[in-house]
Amino acid sequence: MRRILVGIKRVIDYNVRVRVRPDHTGVVTDGVKMSANPFDSIALEEALRLRERGEADEVLAVSVGANEAQQQLRDALAMGADRAILVKAESPLEPPGVARVLLELAKRETPRIILLGKQAIDDDCNQTGQMLAALWDRPQATFASKIEIQGEVARVTREVDAGLETLEVDLPAVITTDLRLNEPRYIKLPDIMKAKKKPLDVVELASLGVDAAPLVKVLKYEPPPQRQKGVMVKDAAELVAALKQKGLV
């Protein structure tokens with residue numbers, strides 16, 4: 001079966017202002033709207049479009065995290081994914097741990113393509129796709145702005161500093177998606193009702209035999225410093241004088 005595996009991460013919604021906890025041990029999540037990582041939604045939309053073009057038979061949505069991530073997987077099923085898997089982990093995993101989990105699922109599910117968002121908006125790591133490709137020993141194409149499947153080859157256009165770069169990678173492969181690839185579809189109420197009947201399996205992290213121990217210890221969270229109030233000047237001479245006073249010129 002020509003299967004596409006899509007990673008979905010639960011993050012604080014991009015419209016929500018992130019606040020650091022008073023004790024500096026993390027960010028406030030109680031009562032905060034959570035959503036699928038926007039880049040992952042783009043990856044899911046592209047997987048659905050590939051299936052609609054006859055380039056895939058099944059779209060499998062996967063998330064690694066707490067039980068609450070089932071909500072985002074149900075949204076993925078409502079968008080059009082055929083089934084979903086939640087790898088239940090009590091604490092957040094770092095990119096190497098997530099890559100190892102996806103590798104184990106890739107061995108079980110044998111996907112033709114693994115589609116991931118290029119990065120998550122909570123940690124901005126931009127590492128999981130590349131690590132997974134190295135562990136899986138398969139080609140990778142990152143920051144995709146266009147994907148075309150030609151037989152057993154994926155033709156991927158990506159944006160670079162000099163313009164556009166086109167890569168051809170043999171399948172199976174890992175592809176990470178950029179913002180300009182597509183615009184995810186809206187979820188309709190009938191699709192939400194249908195999604196309740198689609199299979200969503202919950203797998204314990206321990207059952208995969210994956211070493212997901214953290215490699216980095218976070219000591220403290222700090223919000224960015226507040227911007228200082230600007231200074232109005234009348235002319236260029238006053239501007240230069242103000243800059244000299246601050247030691248900037």
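See the structure printed just above.
Residues numbered from 1 in each chain as written. Predicted model: local features only at pLDDT ≥ 70, side-chain atom pairs only at ≥ 80, totals over all residues. Heavy atoms only, no water.

(A) Representation of the environment of Lys9 in the model. Note on placement: Lys9 falls in the loop between β1 (3-7) and β2 (10-12). Looking at Lys9, the relative accessible area reads 26%, which means it is partly exposed. For the pair Lys9 and Phe39, spaced 30 residues apart in sequence, the C-alpha to C-alpha distance is 9.4 Å. At 3.1 Å, the side chain of Lys9 forms a polar contact with the side chain of Asp122. (Helix = DSSP H or I, 4+ residues; strand = E, 2+ residues; numbered from the N terminus. Buried < 20%, exposed > 50% of the residue type's maximum accessible area, 1.4 Å probe, protein only. Polar contact = N/O pair within 3.5 Å; in protein donor to acceptor, adjacent residues only side chain to side chain.)

(B) Broad picture of unusual backbone geometry. The omega angle of the peptide bond from Leu171 to Pro172 is 0°, so this bond is cis rather than trans. Looking at the element boundaries, Pro172 is found in the loop between β9 (163-170) and β10 (173-177). At Thr110, a position not held by glycine, the phi torsion is positive, near 45°. Residue classification places Thr110 among the exposed positions, given a relative accessible area of 52%.

(C) A look at the pairing of β9. Where strand β8 (residues 153-160) lies against β9, 8 bridges are found, and the strand directions are antiparallel. Bridge pairing in β9 places Ala154 opposite Val169. (Pairing = 2+ DSSP bridges.)

(D) Seen up close, the side chain of Thr176. By the secondary structure assignment, Thr176 is in strand β10. With near-sequence residues (within four places) excluded, Thr176 lies in contact with Leu116, Gly117, Lys118, Gly129, Ala141, Thr142, Phe143 and Ala144. (Contact = heavy atoms within 4.5 Å.)

(E) Broad picture of helix α3 (residues 95-109). The terminal C-alpha atoms of α3, which comprises 15 residues, lie 20 Å apart, in line with the 21 Å expected from a rise of 1.5 Å per residue. With 11 of 15 residues buried, α3 lies mostly within the body of the structure. If you check which residues of α3 are buried, you get Pro95, Pro96, Gly97, Val98, Ala99, Val101, Leu102, Leu103, Leu105, Ala106 and Glu109. The secondary structure elements touched by the buried residues of α3 are β1, β4 (58-65), β5 (83-88), β6 (113-117) and α4 (128-136). (Expected span 1.5 Å × (residues − 1).)

(F) The arrangement of the packing of α3 against α4 in detail. Axis separation between α3 and α4 bottoms out at 8 Å; the angle between their running directions is 50°. Taken together, the axis directions place α3 and α4 in an arrangement best described as oblique. In the packing of α3 onto α4, the handedness of the crossing is right-handed. Contacts between α3 and α4 involve Pro95, Pro96, Val98, Ala99, Arg100, Leu102, Leu103 and Ala106 from the first element and Thr128, Met131, Leu132, Leu135 and Trp136 from the second. (Axes fitted to C-alpha atoms, helices over the stretch in contact; angles between N-to-C directions. Parallel < 35°, antiparallel > 145°, perpendicular 65-115°, else oblique. Left-handed = near helix turned anticlockwise from the far one by under 90°.)

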